[in-house]
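Take a look at the letters that make up each chain.
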Amino acid sequence: MASPTDLSTGTTTANSIAGLRMIAGVDWKSFFESVSWVEKLLRGDPAGVYPRTDYDTRDRYRHEVEDLAKGARRSEEEVTREAIRLAQEARSSNTDLPRTHHVGFYLLDDARPELERNLGYRVSWRSRPRRWLLRHPTPLYLCTIALLALLFMIALAGYARYSGGSALVVVATGVLLALPSLMAAVNLTNWLLTHWLPPRFLPKLDFESGLPSDCRTVVVVPALLSDTGDVDSLLQQLELHHLGNQDPHLYFALLTDFADAPHKHMPGDEELVERARAGIQELNRKYPTDSAG
């Protein structure tokens, strides 16, 4: 016969397991967003874009709010309200740039400095080099490659000189090794940048339930038409794309051109175009939809 202590222990264990199962079954993402005051404020985005983004994007926006609040020594609610205010002002001024109506334009994009100034945000010394790099990407990238290539050439030419080579040998060494030095500089620069700069997050909308009517999209497949085999292959590829992505607001199209030729019009060009056109029409008949096909 079990003792009262054993029964109590068994009951506690059973309740613990049931509690763990209940905790595991909770959708914590939805729960957090339902109780987050910042989330409620951000959903008042004047552009109406924020509520349509996926969870990762919304989470990134909230982290940016948190970072601004720490740097400006403000509350997260104050930061969010200021970003919303700037977006509302842009919308009320009837600007021709709709992206300025979106709160993300001030949290992640070009208007971030304006929001930081209004909040009194202080940029940390650690992030200043990265920001400077992102503001001047092309000049810095090209100058780094040129500098490294020059250093490689000087080092190799110096080695040739140190080994007793004449001036002609040194010059020839520099000329012959210019291209390898450039390739090495490009590879080294790319390696340094990919290790110093992590991939930047790309905000995106949530289309898990399909594309809405105001986000209709055309997937364009560029290709060259050389012969009838190319046309048939492209049509088959287009059909597979449709079968794998059947959405009423998603369209597929071919953007084609002819192969290089000595003349603008060559025999057989019209035949290829007509074959492609007939194939597209056949696909539209085979997979009829309420849209334009």
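Residues numbered from 1 in each chain as written. Predicted model: local features only at pLDDT ≥ 70, side-chain atom pairs only at ≥ 80, totals over all residues. Heavy atoms only, no water.

What follows covers unusual backbone geometry. For R73, which is not a glycine, the phi torsion comes out positive at approximately 55°. Inspection of the secondary structure puts R73 in the loop between α4 (55-72) and α5 (76-92). (Helix = DSSP H or I, 4+ residues; strand = E, 2+ residues; numbered from the N terminus.)

Let us look at the side chain of D45. Its place among the elements puts D45 in the loop between α3 (37-42) and α4. Despite its burial, D45 pairs with no opposite charge; the closest candidate is R91, at 7.5 Å N-O. In this view, D45 contacts Y50, I84, H101, H102 and V103; residues no more than four positions away in its chain are not counted. (Buried < 20%, exposed > 50% of the residue type's maximum accessible area, 1.4 Å probe, protein only. Lys, Arg positive; Asp, Glu negative; His and termini not counted. Salt bridge = Lys/Arg side-chain N within 4 Å of Asp/Glu carboxyl O. Contact = heavy atoms within 4.5 Å.)

It is worth spelling out the pairing of strand β1 (residues 217-225) at this point. Two strands pair when backbone bridges link them, and β1 and strand β2 (residues 250-258) are joined in this way by nine bridges, in the parallel orientation. Residue pairing across strands places L224 opposite D257, the latter belonging to β2. Remark: the β1/helix α12 (residues 228-244)/β2 crossover connection has right-handed handedness. (Pairing = 2+ DSSP bridges. Right-handed = clockwise from strand over helix to strand, strands pointing away.)

For the rest of this paragraph, the subject is a nonpolar patch on the surface. A cluster of nonpolar side chains, L179, L182 and M183, forms an exposed patch at the surface whose accessible area comes to about 300 Å². Assignment of secondary structure puts L179 in helix α11 (residues 178-196). (Patch = residues over 30% accessible without salt bridge, like charges linked within 9 Å, V, L, I, M, F, W, Y side chains within 5 Å. Areas by Shrake-Rupley, 256 points an atom, 1.4 Å probe, with all protein chains shown as cover.)

Evaluated as defined, the whole model comprises two aromatic pairs. Between the aromatic rings of Y50 and Y61, the centroid separation amounts to 5.7 Å while the plane-to-plane angle is 35°, which identifies the pairing as tilted. Of this pair, Y50 sits in the loop between α3 and α4 while Y61 sits in helix α4, placing them 11 residues apart in sequence. Here Y50 falls in the buried class, since its relative accessible area comes to 0%. Relative accessible area serves as the criterion here: at 3%, Y61 is assigned to the buried category. Both rings, one in F105 and one in Y106, keep their centres 5.3 Å apart while their planes meet at 85°; by these two values the pair is edge-to-face. (Phe/Tyr/Trp six-rings, centres within 6.5 Å; stacked < 30°, edge-to-face > 60°.)

In this model, the protein chain carries a mean pLDDT of 83, and residues with pLDDT of at least 70 account for 88%. Element-level pLDDT for the protein chain is lowest in helix α1 (residues 4-24), with a mean of 62, against a maximum mean of 92 in helix α6 (residues 104-107). (pLDDT = per-residue confidence, 0-100.)

Relative orientation of the contacting elements α12 and helix α13 (residues 269-286) amounts to 25°, with a least axis distance of 10 Å. Comparing their axes, α13 and α12 come out roughly parallel. The chirality of how α12 crosses α13 is right-handed. Counting all contacts with α12, which are made through T228, V231, D232, L235, L238 and E239, the residues of α13 involved are E271, L272, R275, A276, G279, I280, L283 and K286. The class makeup of the residues in the contact of α12 with α13 is seven nonpolar, two polar and five charged. (Axes fitted to C-alpha atoms, helices over the stretch in contact; angles between N-to-C directions. Parallel < 35°, antiparallel > 145°, perpendicular 65-115°, else oblique. Left-handed = near helix turned anticlockwise from the far one by under 90°. Nonpolar A, V, L, I, M, F, W, Y, C, P; charged D, E, K, R; others polar.)

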